[in-house]
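Results of the structural survey
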Amino acid sequence: MTTPARTRPTGPTEPTEPTEPTEPTGPTGPAEPAGPTEPTTPSEPREPALDARMRVSIVAVALTGAAFALGAVVVAGPATALSVAIGAAVATANLWALARIIAALLPRTEGGAKAQSRAGWGIVAILKVLGLVAVVWLLMRHGIVSPIPMVVGFAALPIGIAIGSLVSDRSAR
């Protein structure tokens, strides 16, 4: 009985991919290939962008606006309620954007305070105000909202901030 001879493939060979780096072979045997490394976490925990009082105030503004919109549905109908809700949403988004901008621009270290540009804050503030005016103008120009009910929705801003301040001050005690 004869055994078949082993032959080498004669066709084109596929290029080999580079192998993963391995640790040197130790006295106990070959080392295993190095696997993918897990992402490292920063040594210091990242601070939240907004403090607890600001988050409570933003939620209070949104809830106040929702209450105003529900009241508008009962008193004046769905079209008016939509304008109130959009006004409250714009007010809430405006407060959130302002809080994020201020949190990003306030330095956390003394070196950051010395290096910070005052002109940057002015440019960001002007762009935010122009953006707010543009959004409100577009909403009224295209007849999506009525002006007076939208102002009622904007009233959620000072009322919600006051409620949020009272609630967050009480919970801090």
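Structure: see above.
Here's what I pulled together on the structure shown here. (Residues numbered from 1 in each chain as written. Predicted model: local features only at pLDDT ≥ 70, side-chain atom pairs only at ≥ 80, totals over all residues. Heavy atoms only, no water.)

With that settled, consider the overall build of the chain. Helix and strand counts for the chain stand at 6 helices and 0 strands. Reading the chain from its N terminus to its C terminus gives the helix and strand order α-α-α-α-α-α. Expressed as a percentage of its 173 residues, the buried residues of the chain come to 20%. In the chain, once contacts between residues fewer than 6 apart in sequence are set aside, the share between residues at least 24 apart is 69%. Accessible surface, the chain as shown: approximately 13,500 Å² in total, 66% of it carbon and sulfur. (Helix = DSSP H or I, 4+ residues; strand = E, 2+ residues; numbered from the N terminus. Buried < 20%, exposed > 50% of the residue type's maximum accessible area, 1.4 Å probe, protein only. Contact = heavy atoms within 4.5 Å. Areas by Shrake-Rupley, 256 points an atom, 1.4 Å probe, with all protein chains shown as cover.)

This part covers the packing of helix α1 (residues 52-75) against helix α2 (residues 78-105). One can describe the packing of α1 onto α2 by two numbers: an axis separation of 8 Å at closest approach and a directional angle of 170°. Comparing their axes, α2 and α1 come out roughly antiparallel. Each of M54, S57, I58, V61, A62, G65, F68, A69, A72 and V73 in α1 lies in contact with α2, whose residues at this interface are T80, A81, V84, A85, A88, T92, L95, W96 and A99. For the contact of α1 with α2, the per-class residue count stands at 15 nonpolar, 4 polar and no charged. (Axes fitted to C-alpha atoms, helices over the stretch in contact; angles between N-to-C directions. Parallel < 35°, antiparallel > 145°, perpendicular 65-115°, else oblique. Nonpolar A, V, L, I, M, F, W, Y, C, P; charged D, E, K, R; others polar.)

Another point: the environment of V152. Its location among the elements puts V152 in helix α5 (residues 147-154). For the pair formed by V152 and A88, sequence separation is 64 residues and the distance between their alpha carbons is 8.0 Å. The residues contacting V152, other than those within four sequence positions of it, are F68 and V84.

What follows is about the environment of G87. Relative to the elements of secondary structure, G87 occurs in helix α2. With sequence-adjacent residues up to four places away left out, G87 is seen in contact with M150, G153 and F154.

The next point concerns the nonpolar core. Residues I86, V90, V136, L139, V145 and M150 constitute the largest nonpolar core, which totals 6 residues. Those elements giving two or more residues to this core turn out to be α2 and α4 (118-141). Sequence-distant contacts of V136, that is, excluding residues within four places in its chain, are made with V90, M150 and F154. L50, V61, L95 and A99 belong to the second-largest nonpolar core, a separate cluster that totals 5 residues. (Core = buried A, V, L, I, M, F, W, Y, C linked by side-chain atoms within 4.5 Å.)

The next subject is the side chain of K128. The topology assignment puts K128 in helix α4. The buried charged residue K128 lacks any salt bridge, with D51 as its nearest oppositely charged partner at 17 Å. At 2.5 Å, the side chain of K128 forms a polar contact with the side chain of N94. Setting aside residues no more than four positions away along its own chain, K128 makes contact with N94, A97, L98 and I101. (Lys, Arg positive; Asp, Glu negative; His and termini not counted. Salt bridge = Lys/Arg side-chain N within 4 Å of Asp/Glu carboxyl O. Polar contact = N/O pair within 3.5 Å; in protein donor to acceptor, adjacent residues only side chain to side chain.)

Moving on, we get to α1. One turn of the α-helix equals 3.6 residues, which is why residues spaced by three or four share an orientation. Over its 24 residues, α1 runs 34 Å from end to end, which matches the ideal 34 Å to within 8%, given 1.5 Å per residue. Two residues or fewer past α1, G77 is found with a positive phi of approximately 110°. (Expected span 1.5 Å × (residues − 1).)

Once that is clear, we can look at the packing of α2 against α5. Closest axis-to-axis distance for the α2/α5 pair is 7 Å, and the angle between their directions is 45°. Looking at the two axes, α2 sits oblique to α5. Like other packed secondary-structure pairs, α2 and α5 cross with a definite hand, here right-handed. On the side of α2, the interface is formed by T80, S83, V84, G87, A88, V90 and A91, while α5 contributes P149, M150, V152, G153 and F154. Considering only residue class, the contact of α2 with α5 consists of 8 nonpolar, 4 polar and no charged. (Left-handed = near helix turned anticlockwise from the far one by under 90°.)

On the surface, V56, I159, I163 and V167 cluster together into a nonpolar patch covering about 290 Å² of accessible area. Relative to the assigned elements, V167 resides in helix α6 (residues 156-172). (Patch = residues over 30% accessible without salt bridge, like charges linked within 9 Å, V, L, I, M, F, W, Y side chains within 5 Å.)

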